[in-house]
Every structure is written in C-alpha cells, then in structure tokens.
Amino acid sequence: MRVLCLVLLSLAVGALPAFGQDDDPVGATGDPAPKRQTVGSIRFSGNKRYTDEFLKEQIASKEGEPYDRGLLDRDEKHLRNFF
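Calculation criteria
Residues numbered from 1 in each chain as written. Predicted model: local features only at pLDDT ≥ 70, side-chain atom pairs only at ≥ 80, totals over all residues. Heavy atoms only, no water. Phe/Tyr/Trp six-rings, centres within 6.5 Å; stacked < 30°, edge-to-face > 60°. Buried < 20%, exposed > 50% of the residue type's maximum accessible area, 1.4 Å probe, protein only. pLDDT = per-residue confidence, 0-100. Helix = DSSP H or I, 4+ residues; strand = E, 2+ residues; numbered from the N terminus. Contact = heavy atoms within 4.5 Å. Polar contact = N/O pair within 3.5 Å; in protein donor to acceptor, adjacent residues only side chain to side chain. Salt bridge = Lys/Arg side-chain N within 4 Å of Asp/Glu carboxyl O. Expected span 1.5 Å × (residues − 1). Core = buried A, V, L, I, M, F, W, Y, C linked by side-chain atoms within 4.5 Å.

Visitor: When you look at the packing of aromatic side chains in this model, what are you seeing that I'm missing?
Guide: Scanning the model with the defined rule gives 5 aromatic pairs in all. Ring centres of Tyr50 and Phe54 lie 5.1 Å apart, and the angle between their planes is 20 degrees; this geometry places the pair in the stacked category. Taking relative accessible area as the criterion, Tyr50 reaches 28% and is therefore assigned partly exposed. The exposure class assigned to Phe54 is partly exposed, which follows from its relative accessible area of 29%. Taken together, the ring pairs in this structure connect Tyr50, Phe54, Phe82 and Phe83 into an aromatic cluster.

See the structure below:
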C-alpha cells in the first residue's frame, strides 16, 4: 500500500524591496513607488519522509526572490504529484 503524505507549502511573503531596488524609490509622480514582495521563507508541514532541504530543491520558488503567484501554484501542483 502506498502511503500518501500531504505537504503544505507555506510562503511567508514580506514587502521587501527587490534586489537592486533603492531603499526609498520615488515614482515619476513623486509618490513612493510600490515595493515588490519577496518570498520571506518556505516551510513544509505534515511531511515525515523528506527533509525540508530536499523538498525546497523540488520547487521553483526560492527564499528572497520576487513573489510569483503562478510559480507558487505550479510548485503546489508539482508537490501534490510528487506525493
């Protein structure tokens, strides 16, 4: 019997500036430009078979990189197929 494990991917998204972006950017109108959200951390729960490091290698989202909802959806689908 194959044991299925549900792994939940949790991305903590913070409003951190993207790499190379000024600390206090100003848009063309003089208003502060919106800061891009980045992935703060990736955590897994419910998994007992694989290490977090192994699972992080299986997904495209990376800590510190810009948040991408489409990429997160693909990562979730990939992990569900993996298990």
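Visitor: How should the confidence of the model for the chain be read in this particular structure?
Guide: Low-pLDDT portions of the prediction should not be read for the details of their coordinates. Per-residue confidence for the chain gives a mean pLDDT of 74, with 59% of residues at or over 70. Per-element confidence in the chain is highest for helix H1 (residues 52–57), whose mean pLDDT is 94, and lowest for strand S1 (residues 8–14), whose mean pLDDT is 47. Taken together, the stretch residues 1–24 has pLDDT below 50 and engages in 60 contacts with residues farther than four places along the chain or on a different chain.

Visitor: Would you mind showing me how to read the side chain of Ser61 here?
Guide: Topologically, Ser61 is positioned in the loop between H1 and helix H2 (69–82). Residue Ser61 is classed as buried on the basis of its relative accessible area of 6%. Of note is the side chain of Ser61, whose polar atom sits 2.5 Å from the side chain of Asp75.

Visitor: Would you mind going over the pattern of salt bridges with me for this structure?
Guide: Pairing is possible between side chains of opposite charge, provided their charged atoms come close. Within the structure shown, the criterion is met by 3 salt bridges. The closest approach of N and O atoms between Lys56 and Glu63, which form a salt bridge, is 3.2 Å. A salt bridge links Asp73 to Arg69, with the shortest nitrogen-to-oxygen separation between them at 3.2 Å. In this pair, Asp73 and Arg69 are both assigned in helix H2, 4 residues apart and thus about one turn of the helix distant.

Visitor: Please explain H2 as it appears in this structure.
Guide: Along an α-helix, residues three or four positions apart point the same way, because every turn accommodates 3.6 residues. An ideal rise of 1.5 Å per residue puts 20 Å on 14 residues; H2 measures up with 20 Å between its terminal C-alpha atoms. One side-chain oxygen of the residue at the start of H2 lies 2.9 Å from the amide nitrogen of Gly70, identifying that residue as Asp68.

Visitor: How should the nonpolar core be read in this particular structure?
Guide: The nonpolar side chains of a soluble globular protein tend to be buried with one another. In terms of nonpolar packing, the biggest core is built from 7 residues, these being Val39, Ile42, Phe44, Leu55, Ile59, Leu79 and Phe83. No other element matches strand S2 (residues 38–45), which puts 3 residues into this core.

Visitor: Got a minute to help me understand the environment of Ile59 in this structure?
Guide: Tracing the chain through its elements places Ile59 in the loop between H1 and H2. What makes Ile59 buried here is its relative accessible area of 4%. Sequence separation of Ile59 and Glu76 is 17 residues, and the distance between their C-alpha atoms is 8.3 Å.

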